[in-house]
Amino acid sequence: MSVTIIRGGRVLDAGTHRAELADVLIDGAVIREIGRPGLGAPAGATTLDARDRLLIPGLINAHTHAHGALVRGLAGDRVPLELLLNQASALNGNRTVEDKYLSAQLSAIEMVRKGCTACYDMFVEFPAPSIEGVHAVGRAYSDVGLRAVVAPMMADRTFYQALPGLLDAIPPPHRAGVEALRATPYTASLATCRTVLKDWPFDRARVRPALGPTIPMHCSDEFLTACRDLAREFDVGIQMHVGESRGQAVIGPKKYGKTLTAHLGDLGLLGPRFTVAHGVWLDGEDIRRLGGAGGSVAHNPPSNIRLGSGIAATRAMLEGGVRVGIGTDSPSSSDTQNMFESMRWASYLSRAGTLDYRRWISAEEAFRMATEGSAGVLGMGDQIGRLAPGYRADIVLLDLTRPDFVPLNDALLQLVFSEAGGAVDSVMIDGRLVLDRGRLVTVDEAKVRAAAESAAARLREANAGFRETARTLEPFVGAFCLALAREPYHIARVLSSEGAPGA
Ligand SMILES: [Zn+2]
């Protein structure tokens, strides 16, 4: 095992907001000791010079979709969640295994360059997960060197079947086409997942599998309970989008006679392995129920605003015992996998939700959510998310000579409220430098860029028909979903009073 000593840097202490000079001794992949400058190291240890560098634990992205990297910029501007889902085939169709690898690789590169060292990726394959596809995604993370949980995103209903009444809202000439669409039967997806879980070819400490039944209404109850059982059998996580948009929340009582979270609770899905992605429209009882079951939320503030989904009740989640991590969501839905921005917005947005400043999410809380909280969401809470002896050496070195850190008055506030990723200088994962003073050492980025441009051009052409269909359907889907979102619901998560009780 190689030993590395990082000398001359400042190690962030989020609790005191300070960053004192300290040396970090790393044995193989693990931090052995953090001590005063001049800390002893065995002969032959490699020295990493960290003068003018701030050391923080790598940020951890609790929710993303790496398939979005190849189609960034294509989903349009004023697009709520449902109009994004209406484009699923146009965005994700016709991909080869190599495209899936490439998209995950692009995504992993972006995250590393922005100071992220691990992610939970709900990766979609159209129309259903494949063993080669999931392996390609795992290999992409492995090759770049980013730690990841890879959860195939699945459904056994199409988007048009999932929303009660939507098909009827599409005029007959256009309806026939979407009515004929069929999602892959869940038994086929589950069989693929079983094989994937049984014969996982990667080191699970680095890249591990999970399950991603996407949205309650998009999955039959039989599918969801089968996922529950499979996750239990192989001790893996389940991540689902729950109550992301107001329209989704409104469907809960109409379809299940209860909230979406209550329905999942009754199916036995909620538990320590379970993560709600977004959870904007969870009510107080949902939050208590999820927290009581030991479950998690992956909070994605920039996406929630980009798609107009609303402001999640993160303070109530923390008080309800929910483990809260922070994510970015897909590069095709919120445009950047920048955990610094997500972390900042987790704090900022809480301030739009209440005048009571004592209930705002502090910088320290946001930082802990983006590190320790997300680590717990990935099921790696005892391994990553902190710089401490015994933890994996997932360390980001930030350049303290950049304007955001000069003068260094309050390391934590300047990190959370000012830094946006531009100061990321080096990134170490498992004791190995993946980004070395701005240079990615694991993969040839120029080659990846060229491959991405040509794959994107080919896919734009191959998916032109799907895109045309999505465009044709857009006014009908948009009008239906807007009316749905304006139906009464008992909680407020947007500043508009549309749909509020008494409005
Ligand atoms: Zn998502």
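Attention in this report is confined to the structure presented alongside it. (Residues numbered from 1 in each chain as written. Predicted model: local features only at pLDDT ≥ 70, side-chain atom pairs only at ≥ 80, totals over all residues. Heavy atoms only, no water.)

Let's talk about the overall build of the protein chain
The following threshold applies: Numbering of helices and strands runs from the N terminus, with a helix taken as a DSSP run of H or I at least four residues long and a strand as a DSSP run of E at least two residues long. Two things to know: the radius of gyration comes from C-alpha atoms, and the globule rule equals 2.2 Å times the number of residues to the power 0.38. Accessibility here uses a 1.4 Å probe with only protein chains present; expressed as a share of the type maximum, an area under 20% marks a residue as buried, one over 50% as exposed, and anything in between as partly exposed. Throughout, a contact is declared for two residues whenever any of their heavy atoms are within 4.5 Å. In these tables, accessible area is a Shrake-Rupley quantity obtained with a 1.4 Å probe, and a residue counts as shielded only by the protein chains included in the view. When charges are tallied, Lys and Arg are placed among the positive residues and Asp and Glu among the negative ones, while His and the ends of the chain are skipped. To locate a charge, the coordinates of NZ of Lys, CZ of Arg, CG of Asp or CD of Glu are taken.
For the protein chain, the helix and strand inventory stands at 18 helices and 18 strands. Computed over its C-alpha atoms, the radius of gyration of the protein chain comes to 22 Å, within 12% of the 23 Å expected for a compact globule of 503 residues. Across the 503 residues of the protein chain, 58% fall into the buried class. Here the contacts in the protein chain between residues at least 6 apart in sequence split such that 76% fall between residues at least 24 apart. Carbon together with sulfur atoms contributes 52% to the accessible area of the protein chain, which is approximately 19,100 Å² in total. A gap of 0 Å separates the mean positions of the 54 positive and 56 negative side-chain charges of the protein chain.

Section: the coordination of the zinc ion
We count it as follows: Donor criterion used throughout: N, O or S atom within 2.8 Å of the metal, extended to 3.2 Å for Na, K and Ca. Water excluded; incomplete-looking sites may result. Here the metal geometry follows the donor angles, with tetrahedral for four donors whose angles all fall between 85 and 135 degrees, square planar for four and octahedral for six when opposite donors are more than 155 degrees apart and every other angle is between 65 and 115, and irregular for all the rest.
Taken together, the protein ligands of the zinc ion are His 63 (NE2), His 65 (NE2), His 241 (NE2) and Asp 329 (OD), with distances of 2.0 to 2.6 Å. Metal-centred angles of 84 to 170 degrees between the 4 donor atoms at the zinc ion mark the site as irregular. Spacing between the donor residues of the zinc ion along their common chain follows H-x1-H-x175-H-x87-D. By relative accessible area, His 65 is classed as buried at 5%.

Comments concerning the packing of helix H7 (residues 186–198) against helix H8 (residues 221–234)
Definition in use: Every angle, taken between N-to-C directions, lies between 0 and 180 degrees, and every axis is a line fitted to C-alpha atoms, over only the stretch in contact when it is a helix. Should an angle lie under 35 degrees it is considered roughly parallel, over 145 roughly antiparallel, and from 65 to 115 roughly perpendicular; all remaining angles are considered oblique. For this classification, the nonpolar set comprises Ala, Val, Leu, Ile, Met, Phe, Trp, Tyr, Cys and Pro, the charged set comprises Asp, Glu, Lys and Arg, and every other residue, Gly included, is treated as polar.
Running from amino to carboxyl end, H7 crosses H8 at an angle of 10 degrees, the nearest separation of the two axes being 11 Å. Judged by the inter-axis angle, H7 sits roughly parallel to H8. Within the contact between the two elements, H7 uses Tyr 186, Leu 190, Cys 193, Arg 194, Leu 197 and Lys 198 and H8 uses Glu 222, Phe 223, Ala 226, Cys 227, Leu 230, Glu 233 and Phe 234. When grouped by side-chain class, the residues that make up the contact of H7 with H8 number 9 nonpolar, no polar and 4 charged.

What about the pairing of strand E16 (residues 424–429)?
Cut-off, in case you're wondering: Two strands qualify as a pair provided that DSSP identifies no fewer than 2 bridges between them.
Summarising burial for E16: 6 of the 6 residues are buried, a large majority. The sheet contact formed by strand E15 (residues 395–399) and E16 spans 4 bridges and is antiparallel. Bridge assignment links Val 396 to a residue of E16, and that residue is Val 427. Sheet topology note: the E16/strand E17 (residues 432–436) ladder contains 3 bridges and is antiparallel. By the bridge assignment for E17, Ile 429 is matched with Arg 432.

Regarding the packing of helix H14 (residues 339–353) against helix H15 (residues 363–377)
Test applied: The crossing is said to be left-handed when, going from far helix to near helix, the turn is anticlockwise and less than a right angle, and right-handed when the turn is clockwise.
Where H14 meets H15, the axes come as close as 8 Å, and the angle between the chain directions of the two elements is 135 degrees. Regarding the angle of H14 to H15, the classification is oblique. Of the two elements, H14 crosses H15, and the hand of that crossing is right-handed. In this structure, H14 contributes Met 339, Met 343, Ala 346 and Ser 347 to the contact, and H15 contributes Ala 363, Ala 366, Phe 367 and Ala 370.

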